[in-house]
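For reference, the chains in residue letters:
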Amino acid sequence: VQLQAYGGGLVQAGGSLRLSCAASGSISSINAMGWYRQAPGKQRELVAVITRGGRINYADSVKGRFTISRDNAKNTVYLQMNDLKPEDTAVYYCNAVTVVLGNNFASWGQGTLVTVSS
């Protein structure tokens, strides 16, 4: 599975951005897609994930502000980010988990930078 992420940029605190992640390749094997982020000096952390069955999980820090959604026809997952805060500044990575012969494999997009100014 190949992932192409885009939509990052610079925004003021309180603003909004929408990230997109388009998947290609073995789409049918994708079990879940999501977004992670990594801030400078910090470990990569889960932001939001949506499973094939539509189950969604969010990090506590983004609940009520971020919304993950998908367009199956376009093989694309979106992350709508509202009320952005400076602490949301990070490189955001799209992730897909595929299941092959009972084994999970993770694919990553190239990362897109989100910068929130105060």
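Residues numbered from 1 in each chain as written. Predicted model: local features only at pLDDT ≥ 70, side-chain atom pairs only at ≥ 80, totals over all residues. Heavy atoms only, no water.

A. Summary view of the pairing of strand E5 (residues 45-51). Extensive coverage of E5 is indicated by the burial of five of its seven residues. Once strand E4 (residues 30-38) ends, the chain turns through six residues before running back antiparallel as E5, passing Gly41 with a positive phi of about 80°. When E5 meets strand E6 (residues 56-58), the two strands line up antiparallel, connected through three bridges. Along E6, the bridge assignment pairs Ile50 with Ile56. Linking E5 back to E6 in an antiparallel pair, the connection comprises four residues, with Gly54 at a positive phi of about 95°. (Buried < 20%, exposed > 50% of the residue type's maximum accessible area, 1.4 Å probe, protein only. Helix = DSSP H or I, 4+ residues; strand = E, 2+ residues; numbered from the N terminus. Pairing = 2+ DSSP bridges.)

B. Quick look at the pairing of strand E11 (residues 112-117). A one-sided burial pattern is seen for E11, the buried positions being Thr112, Val114 and Val116 and the unburied ones Leu113, Thr115 and Ser117. As paired elements, strand E2 (residues 9-12) and E11 share four bridges and run parallel to each other. The residue of E11 that forms the bridge with Gly9 is Val114. Across three bridges, the pairing between strand E9 (residues 90-100) and E11 is antiparallel. Paired with Val91 across the bridge in E11 is Leu113.

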